[in-house]
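What follows is the residue order along each chain.
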Amino acid sequence: MLVKDIKHHFYDAVQHQRVLVLVAFDVDALCACKILQYLFHTDQVLYTVVPVNGIESLENAFVENSEGVKYVVLINCGATVDIVELLQPEEHVRFFICDSHRPVDVHNYYNAVQVKLLMEEDDVVVPSYDEVFRDDDEDSDSGNDSDDSETGYKKKRFDDESIIRRQERRRWNENRVKVLFDHSKFTSYGTSASLVMFELAWKLSKDTNSLLWLAIVGVTDQFVHYRIPRDKYMKDVITLQSHVSRHNQRLNDDENLLSINCLRISFEEELNISLYRHWTLFDSICHSAPFACKFRLWSLKGQKRLHEFLAEMGLPLIQCKQQFSAMDSTVRSEVKDKIKEFMTKYGLEPLEVILPSFSLQYGYKNITCATDYVYACAAILESVDPTKSATDNFLLSSEAVSRTNPEQFDKGLEAAKLQIRSIVSQVQTFIDMHSIISAGPFLYTFVTEGSTDFCFFTKPQCLIRLARFTLEGHCSVSRNKRAPSLPLVLAVPQSLDEGTCLVVGIPPLDTDDERKNFFGKAFEQAALSSKSTVKFNGFDANIIEMKTEERSKFFDALISTLQ
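Each chain carries its own residue numbering, running from 1 in the direction its sequence is written. Totals for whole chains, interfaces and linings use every residue, but because this is a predicted model, local features are given only for residues with pLDDT of at least 70 and side-chain atom pairs only at 80 or more, for both listing and counting. Excluding hydrogens and water, the side-chain values take into account all heavy atoms of the structure.

Draft legend 1. A look at the overall build of the protein. Working definition: helices are DSSP H or I runs of at least four residues, strands are E runs of at least two. Numbering for both runs from the N terminus. Looking only at helices and strands, the protein has 22 helices and 16 strands in total. Computed over the C-alpha atoms, the radius of gyration of the protein is 27 Å, within 12% of the 24 Å expected from 2.2 N^0.38 for a compact globule of 563 residues. When its C-alpha atoms are laid out on the principal axes, the protein stretches across 105 × 60 × 45 Å. Looking at the protein as a whole, 53% of its 563 residues are labelled buried. Counting contacts in the protein only where the partners sit at least 6 residues apart, residues at least 24 apart contribute 71% of the total. Using the Shrake-Rupley algorithm and a 1.4 Å probe, accessible areas are obtained, with residue cover drawn only from the displayed protein chains. Summed over all atoms, the accessible surface of the protein reaches about 26,000 Å², with 49% contributed by carbon and sulfur. We count Lys and Arg on the positive side and Asp and Glu on the negative side, and we leave His and both chain ends out. To locate a charge, take NZ of a lysine, CZ of an arginine, CG of an aspartate or CD of a glutamate. The protein carries 62 positive and 81 negative side-chain charges, and their two centres are separated by 5 Å. Throughout, the radius of gyration refers to the C-alpha atoms, and the reference size of a globule is 2.2 Å times the residue count to the power 0.38. Think of it in three bands: residues with accessible area under 20% of the maximum for their type are buried, residues over 50% are exposed, and the middle band is partly exposed, with areas taken using a 1.4 Å probe on protein chains only. The criterion used for residue contact is that any of the two residues' heavy atoms lie within 4.5 Å.

Here is the structure:
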């Protein structure tokens, strides 16, 4: 059931009970969790937080931590599956689901007792109740009328009615299958969980600048990882901008208020260049998809064109290869304006290079933008350090996003650079080896088992970014005019010992205005028709795990499914 008054029907209800909070492994979920934790601390609510990275992990976490718990909050997990059927809870348990994954399972939406959806009403579209649920069971034939003295006519009428009822039920079942298929054939994302939680804090009059920054990072995470289209991102940015103005107006009016403990958020047009404030400008440009793909920086000709671009802007190469913070202050202050001035001449699209976003300044420290936080926190969450568990990574990322441990944030930035370097290196390998192949209805490619960096790509968010960069890179060099209209399927080794791989599917570039993904249902049908052993364990339906030896027959079935 959709909750219309989140303060009354959610927060007031859980205030005096111990709450179990199950949180997915993504930055938006982490930020939403931090906001909810702050609210619980202020009202002394007892709670337990458990990070979960898949369906199996969700089941195990509930079984291990549900004893004596009446209320369970699920953040960015649980909406797309029948949560009551999956977890088999006791009748007194209530689930509050704050999840941006779509579509919402119809059982969750129409369960008015145990499931409460913390979502915006405009975000949720489900079939009508009568299309998917039928209250009357098919009447069984009874012999009561056959004993009547006037049985002939009555029995015939009874048989006719029974036949009509069965025909109606069959037609209804056929329509139900179609309706449910249409409902689930595309996966997408709604409003970020962190923005929903911040709106709750605002309604409780407990919103602060720190909580606002968490909501900003959560919304930015959705855009950075290609979950929402630009229009939806801009709509959320406008909502956040009104809160930024409200919280930061006094600070902007009086610069003397900026003390060492003061946090200030500002809205500005940001350059969509990876971590440029914490890297060299040259490296940042080389590792950013808009520039790398437009200039084709994996070639000598592309490198030469980049040098021409920097020279025409009047940015000395020696300055661009220094740390951004160490550049001459005059040159550094001109970077944004110079790129805006010359980008169109070099074929760069303003929407690709300029990103309306927010930046944070804490005391007298350097300015950090929201995308920097997303990259750093995502890199910590998806750390490949074997000495740290998933829960350790979750806690370390939590420290980084809340600024309680600046050193951890700096480590996250360095880890993010390693991730980005690995992505660009792998994309260059794909293009140099011409390993991106057209299978007819889609493009596909594989990361070879000998790749030194494949461990980075076994993590879902990094894998998504690799797939997207690969598709953009291929479209920039391909002579096939259909390339922008083709989706991409990418496979990467997951465990060499177990012989498993991950497969991800992403939609075509020319559907960026919707960001709807059809691969979840396509993978499901291909697995059934090929009888492949496929594991749908993640919260994102377009990422699956399978046996490497079955990959060929699965891909053959996928081609047949999508033709």
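Draft legend 2. Structural context of the sheet that holds strand β2 (residues 47-52). By definition, two strands form a pair when at least two bridges between them are found by DSSP. If you trace the five strands from one edge of the open sheet to the other, you get β2-β1-β3-β4-β6, paired in parallel fashion. The sheet is open, and its two edges are formed by β2 and β6 (115-117), each paired on a single side. For this sheet the average axis-to-axis angle between neighbouring strands, irrespective of direction, equals 20°. For helices, the fitted line uses only the C-alpha atoms of the stretch in contact; every axis is such a line through C-alpha atoms, and the angle between N-to-C directions lies from 0 to 180 degrees. The strands touched by helix α2 (residues 27-42) within the sheet are β1 (19-24), β2 and β3 (71-75), with β1 carrying the most contacts at an inclination of about 160°. Strands β1, β2, β3 and β4 (94-98) of the sheet are contacted by helix α3 (residues 55-65), whose axis makes an angle of about 155° with β2.

Draft legend 3. Quick peek at helix α13 (residues 300-312). The end-to-end C-alpha distance of α13, which contains 13 residues, comes to 18 Å, matching closely the 18 Å that a straight helix rising 1.5 Å per residue would cover. Those residues of α13 not exposed but buried are G302, L306, F309 and L310. The buried residues of α13 all sit within an arc of 95° when viewed along its axis, so they share a single face. Among the exposed residues of α13, those pointing more than 90 degrees away from its buried face are L300, K301, K304 and A311. Against α11 (281-286), α12 (289-295), α14 (317-320) and α15 (329-342) lie the buried residues of α13. Working rule for helices: expected span equals 1.5 Å times residues minus one. Arc definition: directions from the helix axis to the C-beta atoms.

Draft legend 4. Summary view of the packing of aromatic side chains. When two rings of Phe, Tyr or Trp (its six-membered ring) have centres within 6.5 Å they constitute a pair, described as stacked for plane angles under 30 degrees, edge-to-face for angles over 60, and tilted for the intermediate range. According to the stated counting rule, one finds 29 aromatic pairs in the structure shown. For the ring pair F519 and F523, a centre distance of 5.3 Å and an interplane angle of 35° mean the geometry is tilted. One end of the pair is F519 and the other is F523, both in helix α21 (residues 519-530) and four residues apart, which spans about a single turn. Residue F519 shares its accessibility class with F523, and that shared class is buried. Counting every residue linked through ring pairs, the aromatic cluster contains F442, Y444, F446, F518, F519, F523, F554 and F555. Sitting over the ring of F446, R551 keeps its end group 3.9 Å from the ring centre. In this analysis the charged atom, NZ for Lys or CZ for Arg, is taken to sit over a ring once it is within 6 Å of the ring centre and within 35 degrees of the ring normal.

Draft legend 5. Up close: the pattern of salt bridges. Each salt bridge in this description consists of a side-chain nitrogen of Lys or Arg and a carboxyl oxygen of Asp or Glu lying within 4 Å of one another. Across all of its chains, the model carries 21 salt bridges by this definition. Among the salt bridges present, the one from R102 reaches D123, with a minimum N-O distance of 3.8 Å. A residue pair is termed long-range when its members are at least 10 positions apart, and R102 in strand β5 (residues 101-102) and D123 in the loop between β6 and α6 (129-132) qualify at 21 residues. Note on accessibility: R102 and D123 belong to one class, buried. As a salt-bridge pair, K178 and D182 come within 3.0 Å of each other at their nearest N and O atoms. One end of the pair, K178, and the other, D182, are both in helix α7 (residues 151-184), four residues apart, so they sit about a helical turn from each other. For D182, a relative accessible area of 34% puts it in the partly exposed group.

Draft legend 6. Expanded view of unusual backbone geometry. Here the amide bond leading from R102 into P103 is cis, since omega sits at 5°, within 30 degrees of zero. Of note, P103 is situated in the loop between β5 and α5 (106-110). Its identity is not glycine, yet S205 carries a phi of approximately 60°, on the positive side. Among the structural elements, S205 can be located in the loop between α8 (193-203) and α9 (209-224).

Draft legend 7. Looking closely at the packing of helix α1 (residues 6-14) against α8. Direction vectors running N to C along α1 and α8 enclose 90°, while the axes themselves pass 11 Å from each other. Considered as vectors, α1 and α8 are oriented roughly perpendicular to each other. Across the interface between the two elements, I6, K7, F10 and Y11 from α1 touch V196, M197, L200 and K203 from α8. When residues are grouped by polarity, Ala, Val, Leu, Ile, Met, Phe, Trp, Tyr, Cys and Pro land in nonpolar, Asp, Glu, Lys and Arg in charged, and all others, Gly among them, in polar. The residue inventory of the contact of α1 with α8, partitioned by class, reads six nonpolar, no polar and two charged. Just so you know how the angles are binned, under 35 degrees is roughly parallel, over 145 roughly antiparallel, 65 to 115 roughly perpendicular, and the rest oblique.

Draft legend 8. Representation of the sheet that holds strand β8 (residues 263-271) in the model. Taken together, the three strands give an open sheet; going across it, the order is β8-β9-β10, and neighbouring strands pair in antiparallel fashion. Two strands bound the open sheet, and with one partner strand each, they are β8 and β10 (368-369). Across two bridges, strand β9 (residues 354-362) lies against β10 in antiparallel orientation. Pairing of L360 across the sheet is with T368, part of β10. This element, α9, spans β8, β9 and β10 of the sheet and lies at about 25° to β8.

Draft legend 9. Representation of the environment of A416 in the model. Summarising the element assignment, A416 is placed in helix α19 (residues 406-432). Linking A416 and Y373, residues 43 residues apart in sequence, is a C-alpha distance of 9.9 Å. If we ignore the near neighbours within four places in the chain, the residues touching A416 are L275, Y375, A376 and A379.

Draft legend 10. The packing of α21 against helix α22 (residues 551-562), seen in detail. Interhelical geometry of α21 versus α22 gives an angle of 120° and a closest axis separation of 8 Å. Classified by the interaxial angle, the pair formed by α21 and α22 is oblique. Helix-helix and strand crossings are classified by hand; for α21 and α22 the assignment is right-handed. Here α21 contributes F519, A522, F523, Q525, A526, A527, S529 and S530 to the contact with α22, which in turn contributes K553, F554, A557, L558, T561 and L562. Class assignment of the residues belonging to the contact of α21 with α22 gives a composition of nine nonpolar, four polar and one charged. Handedness of a helix crossing follows the sense of rotation of the near helix relative to the far helix, less than a right angle counterclockwise being left-handed and clockwise being right-handed.

Draft legend 11. Structural view of α1. Among the residues making up α1, those that are buried are I6, F10, Y11 and V14. Burial along α1 is one-sided: seen end-on, the buried residues are contained in an arc of 80°. Lining the buried residues of α1 we find β1, α2, β3, β4 and α8.

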